[in-house]
Every structure is written in structure tokens, then in C-alpha cells.
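This is what each chain is made of:
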Amino acid sequence: MSTAVVEPIPRGTLGSRVGRNVWDWFPAVVVFVTGIALWEGLVRGLDIQNFLLPPPSDIVRTFWTERETLWNAGWFTFQEAFGGWVIGCAAAIVAALILARWRTLATALMPFAIAANAVPIIAFAPITNNWFGTLNQLSKMMIAAVLCFFPVLVNTLRGLTSVRPQQIELMRSYAAGELQIFRRVRIPNALPFLFTGLKVATVLAMIGAIVGDYFGGSQDALGIQIRRQAGVFAFNEAWAAILVASVLGILFYGAVAAVERLTMRWHPSARGAAE
Amino acid sequence: MSEQPNVVRLQNVSKEFGQGHVRALQDIDLEIRPGEFVSLIGPSGCGKSTLLRIVGDLIQPTGGEVVVNGKSADRARADRDYGIVFQDAVLFDWRTVEKNIGLPLEIMRWERRKRLDRINELLELVELKGFETHHPWQLSGGMQQRVAIARALAFGPPLLLMDEPFGALDEMTRERLNLELLRIWEQSGSTVIFVTHSIAEAVFLSTRVVVMSARPGRIVGVVDVDLPQPRGIETREGPRFAELIREVRRLLRQGGGFQAEEPEDEEQFIAAEEGL
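Analysis parameters
- Residues numbered from 1 in each chain as written.
- Chains lettered and ligands numbered in written order.
- Predicted model: local features only at pLDDT ≥ 70, side-chain atom pairs only at ≥ 80, totals over all residues.
- Core = buried A, V, L, I, M, F, W, Y, C linked by C-beta atoms within 7 Å.
- Buried ≥ 20, exposed ≤ 12 C-beta atoms within 10 Å, placed from the backbone.
- Helix = DSSP H or I, 4+ residues; strand = E, 2+ residues; numbered from the N terminus.
- Contact = placed C-beta atoms within 7 Å.
- Axes fitted to C-alpha atoms, helices over the stretch in contact; angles between N-to-C directions.
- Parallel < 35°, antiparallel > 145°, perpendicular 65-115°, else oblique.
- Left-handed = near helix turned anticlockwise from the far one by under 90°.
- Nonpolar A, V, L, I, M, F, W, Y, C, P; charged D, E, K, R; others polar.
- Pairing = 2+ DSSP bridges.

Novice: Looking at this structure, I do not really get the nonpolar core. What am I missing?
Specialist: The tendency in soluble globular proteins is for nonpolar side chains to be buried side by side. Formed by 88 residues in total, the largest nonpolar core has its most connected members in Val55, Ile193, Val211 and Val248 of chain B. Top contributing element to this core by residue count: helix H5 (residues 141-153) of chain B, with seven residues. Excluding residues that lie within four positions of it along the chain, Ile193 of chain B makes contacts with Ile32, Val38, Leu40, Leu52, Val55, Leu161 and Met162 of chain B. The next biggest cluster of nonpolar side chains, apart from the first, holds 55 residues, and it includes Val146, Cys148, Leu198 and Ile210 of chain A.

What follows is the structure in C-alpha cells.
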């Protein structure tokens, strides 16, 4: 068939596959630079007190001079977040597979899962501190894990069950068993949903770890640093620690998004990455 | 009539949806011999897709008997006697063209070497050589449908069930794929049951056209299409072709096919029935 218009399969460097075109970023960069400049200008021009909002230049300076303490604390808390993310997501994926396989179980349990999802889980942070030990990183991991669990469960389950009926009919016409249908239809179909959940979970894991720190923990933890510095009016230091948390959060999210783009190059949405 | 065993024998088949509120099919008797190309045509909601699904054991009839290759429909499905093509190609986005075609072979645990050879043959058959590593979204609608046909033929099923496979394509693509389908049918020797809305398509492709009435779906009549094989572009131009089309149209009118259409809720019932 010579008349068909066929797009080339997306190829290119790792960068172009994972990232976007440089010019796509241009408007965002303009907004970022303008925002920072406004912040700096307003804080200095209106003589805003340091405890209300320090100028970005001061934050960045502290970020640099205190880099060793900050990154150590950041790494410590990132371990808590990452550990919790792994535990929570793994548990959620296993639960989703079980619920997708035995649908009556899902009908029985999902109302509770949805109700539990509406509970402000972060309120349990002091309790998990008691359960697993305030100084133990595991106590923060558990809070992060519980926060990650529900969005990953709900998304993955939706992906596993939102298969087109005709795809199942087709598999049945090949006399494929339930396991085959899972392996070749449901699981690949769930991948985009799963990654949506995994990305949301990175943010929740960071929140869980840091808030877990707020309720007490090792002096090495980032949340403890933020709380302590803010407590002694060292606002530049507190803000610099927040900056570390933000950078780590963005990197975590970005790393999962990059894995998503690499694993799902078949997905129609991957077209955007190649153009 | 020859004494060959029937590929499909339907006796008194009926189907009701929603606890008998909707009678989709009533008293369907039909016998299909090996190598036949039988089209089912009728107004929307006449149950022709339902009938196809009953033959393919995707839904169960409420009454009557379905025998495929001398066995029950579920036995025939377990024996992989069916190749199915839907109106929508139903390709798997995450699989390339060759892996979509190879999917049934993977499930049937064909050895890799044998599988690749077969995929190659099929790519040639449906003229998709050079597109093996493309993904479905990189193909036009017509090409996607050819992948679906190749996939249905992959394991050489004796019975090919096609549910309006070209219904979503433009007229030119449809005519070209009609010709290709005839060529494939001749080469593969499969028996085909083909559901369509198009009178011309039914007459052009089939050895027999089964005309069905509006709900409840019954068989109004069967038109034997005696146009010579192999058929080509010139087939559509002859006076016999026009006569056969008039005959199908007459039967459709007799079955109420040209009256105001009833709402098409058959699909909803199917979905509800299967709990999908």
C-alpha cells in the first residue's frame, strides 16, 4: 500500500526521547525567571521582614554555604520517602492484581478502600512514630507507604479492569486462559494507569517523609532541620531546606516520568516526545 | 447439494436479552458448508452481530442448537476453530504489527522460528511487508484492519467470523479490501461468515446472502449468488450483479428492513449480559 502516510518510529537520543524540545520550555523559563526576579525585587523594595519571606538570593546563598548539612539531611529523608514509595507501591500493585482477578473481592473491599483514601492519613504520623520508633526511618517509610498505597491501587485496578470488551472476546476466541489474559492484555493495558499512580505517589511519599519528620525523628532528617531552623528564627536555613526538599521531590517525580516514557514508547502519547 | 459435513448448523436458535424483554433472534435455521462465504445482512438491531457471536461462542443462545464442525460451539472455541475480525481492528497498542499478528500464535505456544515464518507469510498475504515494526497508531484504518485479518488467519482457523470489518472505512479502501479479502479467502480455503450493512458488499463477496428481518431477527430469505469466481472489478458491472442486488433489496423490504429504524440497544444488552 503505497498511499499510506506512515510516521517514522520515534528514534533519537535518550535526551530527546525523555525530554521535550528546548523551545517548548521557553515560556516556562520566562515565567520562572520573572517570578524569581519579582520575588527578589518585592522583598527588597518593600523591605519585607526576613521571617515573613527571605529574598531568593539569601536562600540560594544559604543553600550553598550549608550544602553539606542540607544534602545529608535531604538524602536521609529521601531514603525514607523512597523506601515508603517502594513498600506502598509494591503492596498496592499486588493488591490491585488480586482484586482484579477476584472481582467479588473488589466489590466487597473497594468501598472501604475509597473511604480509607478520604482519611487524612498524615494524621497517623505520630502513631506510626510510636509503632516503629521515632528515630527509626521505618516509621516515616510506613506513613509514606500508606499515603502511596491508595492512589496506586485505585489507578492500577482501573487500568487492569478497563480493558475493551472486544479485546477479551478476542482472547477468548484463542481459548486463552485467565492468566494469559492478565499477562498479555490486562497488565500492558494497566501500565499507563500504573505510572500515573506512581508519579502521584512520589509527591505523596515526600510529603509523608517530611511530615513524619516533623513529629520527631533523627537530627539528620530534613523535616527536623526545617522545623528546628524555623523554630530558632533561622529562616534562610529553613527555606534552603525547603528548597532541597523541592529539588528532591522534582527529581524523584522526573525520574519516574522518564522511566514511564522509556517503557511506554508504544503509547500514542509518546508521539509528542519525538516530534 | 454435496454430502460434505456442515461447518455450521444452526437449529431453531433464539436469543432473548434482559429476561425476555427483547427478542433479538427467533427460529434461526442455517447450514453453512465448508468453503462458503456467507453474508448476514439486515437492518440495525436485527441481531446479525448477535448471531455471529452465538456461532463464535462469545454469547449463549437462549434456545436452539449450535453445531460447529460437528461439535458444540464451546468445544469448537476450545479447539480454536474461529478467527474473529471486528468492525474496529482491536489491535493491541503496545504490540508492533508483527507482534499483533503473532499474538494468537504466542498463546498457542508456537515455537519461535515457526511463528516468525508464519508472520512473514501473513505479512505478505495482507501486503504489509515493511511495516512489521510499526505500532497500530502509525497505520491507517485500512492497514489496521488488514493486521486484524492477518491475526485472525494466523493459526489457520477453519471458520472466519467477520463483524462488519470494513464498516468504518471509506468507500475506496473498502472496495480494495473487498478484493483482497476474496483473494485471501480463495487462498486460505476458510469458511467465512460476514456481517455487513452494505447490500453491494454482501452480493460482491458472498456465495450466499442471508437476509434478516428487523427485531425479532428472523431469516427472511437466502440469496444464492451465482456470480462467477474469481470475482473482480468487472463483477460489479454486469446485469446479474444488479439483479442480485434487487433481489436482496426485495427481501429486505419484505422483512421490514426499510421501515423506520428501531433504536440499536443490542450492544448494551450484550454488555449487560456478559457483565463486562
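Novice: Even after reading the chapter, I still don't get the packing of helix H4 (residues 67-101) of chain A against helix H11 (residues 235-263) of chain A, so can you show me in this structure?
Specialist: Two measures define how a pair of helices packs: the angle their axes make with one another and the distance between the axes. Residues and elements named next belong to chain A. Where H4 contacts H11, the axes come no closer than 10 Å and their chain directions differ by 45°. As judged from the angle between their axes, H4 and H11 are oblique. Of the two possible hands of crossing, H4 and H11 adopt the one that is right-handed. Listed contacts from H11 to Leu70, Trp71, Ala73, Gly74 and Phe78 of H4 are Ala240, Ala241, Val244, Ala245 and Leu248. Class assignment of the residues belonging to the contact of H4 with H11 gives a composition of nine nonpolar, one polar and no charged.

Novice: I keep staring at the interface of chain A and chain B and nothing clicks. Help me out?
Specialist: Frequently, the measure chosen for interface size is the accessible area removed from exposure when the parts meet. Counting residues at the interface gives 22 residues for chain A and 26 residues for chain B. Here the element with the most residues in the side of chain A that touches chain B is helix H8 (residues 165-173) of chain A; it accounts for seven residues. Its residues assigned to classes, the side of chain A that touches chain B shows 12 nonpolar, five polar and five charged.

Novice: Is there a simple way to explain the sheet that holds strand S9 (residues 208-212) of chain B in this structure?
Specialist: Residues and elements named next belong to chain B. Across the sheet, six strands lie side by side as S6-S7-S8-S3-S9-S10; this open sheet has mixed pairing. Each edge of the open sheet is held by one strand with a lone partner, namely strand S6 (82-85) and strand S10 (219-224). Going from strand to strand, the sheet's axes swing by 15° on average, the running direction of each strand aside. In this structure, strand S3 (residues 37-41) lies alongside S9, joined through four bridges in parallel fashion. Its bridge partner being in S9, Leu40 is matched across the sheet by Val210. Where helix H1 (residues 48-55) meets the sheet, it contacts S3, strand S7 (159-163), strand S8 (191-196) and S9, and its direction lies at approximately 155° from that of S8.

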